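# Observations on the model geometry
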Number of protein chains: 2
Amino acid sequence: MAQAEPLNIVFALFPGVTHLDFTGPHQILCRLPGAKVTVACLDGGEIEADGLIFAHLPRLADVGACDVLIVPGGFGTTQAMAEPAFLAEIRRLAAGARYVCSVCTGSLVLGAAGLLKGRRAACHWAWRDQLSLFGAIPDPERVVRDGHVFTGGGVTAGIDFALTIAAEIAGEAVAQSIQLGVEYAPAPPFNAGRPETAPAEVLERVQRMYGKGMDERLAAAEKAGALL
Amino acid sequence: MAQAEPLNIVFALFPGVTHLDFTGPHQILCRLPGAKVTVACLDGGEIEADGLIFAHLPRLADVGACDVLIVPGGFGTTQAMAEPAFLAEIRRLAAGARYVCSVCTGSLVLGAAGLLKGRRAACHWAWRDQLSLFGAIPDPERVVRDGHVFTGGGVTAGIDFALTIAAEIAGEAVAQSIQLGVEYAPAPPFNAGRPETAPAEVLERVQRMYGKGMDERLAAAEKAGALL
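Definitions and limits used
Residues numbered from 1 in each chain as written. Chains lettered and ligands numbered in written order. Predicted model: local features only at pLDDT ≥ 70, side-chain atom pairs only at ≥ 80, totals over all residues. Heavy atoms only, no water. Buried < 20%, exposed > 50% of the residue type's maximum accessible area, 1.4 Å probe, protein only. Helix = DSSP H or I, 4+ residues; strand = E, 2+ residues; numbered from the N terminus. pLDDT = per-residue confidence, 0-100. Least-squares fit on C-alpha atoms with pLDDT ≥ 70 in both. Contact = heavy atoms within 4.5 Å. Pairing = 2+ DSSP bridges. Axes fitted to C-alpha atoms, helices over the stretch in contact; angles between N-to-C directions. 1 Å grid on protein atoms, 1.4 Å probe; cavity = no way out; pocket = protein on both sides within 12 Å on 5 of 7 lines; lining within 4 Å. Points joined across faces, edges and corners; volume = space filled by probe spheres on them. Nonpolar A, V, L, I, M, F, W, Y, C, P; charged D, E, K, R; others polar. Buried area = accessible area lost by both parts, 1.4 Å probe. Salt bridge = Lys/Arg side-chain N within 4 Å of Asp/Glu carboxyl O. Polar contact = N/O pair within 3.5 Å; in protein donor to acceptor, adjacent residues only side chain to side chain.

Chain A appears in an unreviewed UniProt entry as Thiamine biosynthesis protein ThiJ from Caulobacter henricii.

Now the structure itself:
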C-alpha cells in the first residue's frame, strides 16, 4: 500500500457533537492500511464535546476531495441542520466521495443536506422518524447500506458501522484484524441498549430527558426538509 | 444531586494512549448525575492519539483527590510503565480513590505502580500474561472486579467497564438509561474480537504486528516489576 494513493477519510464535526460517534469509528478506521484520516470542522480550530477539547482541526473548506465522508451526530445536529455553510461543505465533500456515511443523528445532517432522498438510512432510535422529513426511509437496523450511503444507529453503532465499511474497503480479513486488535467482543452488563429491550421506566426516563430537545429538533428538521 | 459534592472522575492520559480506551468510558461516565470528569496528563497541555489532539489538559499534579481513577492503555504504556513521575501521580490519586480502574493495557500501568499485588485484573488479551510480573492474577474476563479495583479488557471493553462502574456508583437504572442513550446494543459484523474466535490467519497477522512491541514491553514490564 506504500506506493498507492492514500485513502482519504474525513470526519466532519460541529459544535455539540457526541464524541464517541466519531472517536469509535476513528479508532477503527485509522488502522486501515493506507488511510489518511482528517477530522475537520466548519471554522477549524477547536471543538468541545462533553468536556473533551479536540484541537488543531482544519477548516472543512480547506479539506480537498475525500473517499469516505463521515458525519457524526449529537445534540448539536439541531443547529448543524440549520447551518447553510456547514451543509454546503457536506454536499461538496459528498459529491466526490466513494462512500457517504453517518453515525447516530448524523443522518439527519445528511438528510438536511439533501443526500438521503429515497434512501434507507439508520439513525439514533429516538430521532429516527425525523428522517422521513428529508425523503429518506427510516431503517431500524444498526448499520444500513443503500448504495454508497452507509449509516449507523445511535452512538456506539459507529463501531459496528466502521467495521462494516472497513470490510467493504479493505476486505474481511483486515476488518477482522482491527476487530481483534480492539478486542471487540462486546459484553454489555445489561440488555437496555434498545427501546424494545430496556425496562419501561428506563425508556420513560430517557424520553423525558429528550423532551425539549425533541421539539426543537423536530422544528429544525421540518424547516430543513421544507428547503429541499 | 444538585446539592451533593460532585463525583470526581479522573482519566490519566500519557503519550501513545489509545484514545478509544478513554473516549468510550468518558462518553458513558460524563452522563452520570453529579459527575465531574477530568482528563489530565503528566505535563498538561496536549496529548496526540492516532491523529486526534486532546487539548487544554491539566497537569496530573494539579488534580486533587478523586473518587474514581481510570488509566487507559495503548502502545505508550511501555513508556508509561518506566516513567517514575507518572507512576507517582497514579499512586497518589489511587491512594485517595474509592475506585481504582483501568482499561486495556492500563492495568500494566496500575501494576507497575504497585497497585495490583495479589489482585485479579483484566488486560488486552495480547499483553495479559505480563500482569503476573506485578504480582497480579491475569483474568480473561472482559470486566474484572477485585475489591475496589475495576479493570477492563482491550480497548472496546472500556464501554462494558464503564457501564459496570456506572451501575456500581449510581445504580442499575441510571446505567441502563445511559446505555439506552448511547444505543449500546452491539452487533459486530464479525466474530473476530477474541483470539479464541478469530480466524487463525487473522490472529497470526495481529500477533506478527505486535511482535517488536511485545519484546520491548515485556522488557519494560520485567524492569518495572523488579522495582516493586
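Additional details are given in the paragraphs that follow.
Here we take up helix α1 (residues 19-29) of chain B. In an α-helix, one turn spans 3.6 residues; hence positions three or four apart end up facing the same way. Extensive coverage of α1 of chain B is indicated by the burial of eleven of its eleven residues. For α1 of chain B, the full list of buried residues reads H19, L20, D21, F22, T23, G24, P25, H26, Q27, I28 and L29 of chain B.

Attention now goes to the confidence of the model for chain A. Across chain A, pLDDT averages 96, with 98% of residues at or above 70. Complex prediction metrics read pTM 0.97 and ipTM 0.97.

The next thing to look at is the relation of the copies chain B and chain A. With an RMSD of 0.0 Å, the fit of chain B onto chain A corresponds to turning through 180° and sliding 0.0 Å along the axis. Seen this way, the second copy is the image of the first under a two-fold rotation axis. The C-alpha atom lying nearest the rotation axis in chain B is that of F54 of chain B; the distance is 2.5 Å. The share of interface residues of chain B whose copies in chain A are also at the interface is 100%, consistent with both copies meeting through the same surface.

Below, the discussion takes up the sheet that holds strand β1 (residues 7-13) of chain A. All names here are of chain A. The sheet built from six strands is open, its strands ordered β2-β1-β5-β6-β10-β9 with mixed pairing. In the strand order of this sheet, the two ends are held by β2 (35-41) and β9 (143-146), each with one partner. Strand-to-strand, the axes of this sheet are offset by a mean angle of 15°, without reference to chain direction. Across three bridges, the pairing between β1 and strand β5 (residues 68-71) is parallel. Considered in β5, the bridge of V10 is made with L69. On the sheet, helix α1 (residues 19-29) packs against β1, β2 and β5 and is oriented at approximately 170° with respect to β1.

Time to look at the layout of surface pockets. Within this model, the largest pocket holds a volume of roughly 320 Å³. What lines the largest pocket is a set of 18 residues, among which R31 of chain A together with F75, V206, M209 and Y210 of chain B lie closest to the centre. Elements with a minimum of two residues in the lining of the largest pocket: α6 (172-181) of chain A together with α2 (77-80) and α7 (200-226) of chain B. Considering each element in turn, the lining of the largest pocket owes the most residues, seven residues, to α7 of chain B. For the lining of the largest pocket, the residue count by class is eight nonpolar, five polar and five charged.

Listed by partner, the interface residues are 63 residues for chain B and 63 residues for chain A. Roughly 5400 Å² is buried in total at the junction of chain B and chain A, and carbon and sulfur atoms are behind 63% of that figure. Run the count over chain B and chain A and you get zero salt bridges. Taken together, the links from chain B to chain A amount to 37 residue pairs in polar contact (both at pLDDT 80 or more). Of all the elements in the fold, those that place two or more residues in the side of chain B that touches chain A are α1, β4 (52-57), α5 (157-170), α6 (172-181) and α7 of chain B. For the side of chain B that touches chain A, the element with the highest residue contribution is α6 of chain B, accounting for nine residues. Its residues placed into classes, the side of chain B that touches chain A shows 35 nonpolar, 18 polar and ten charged.

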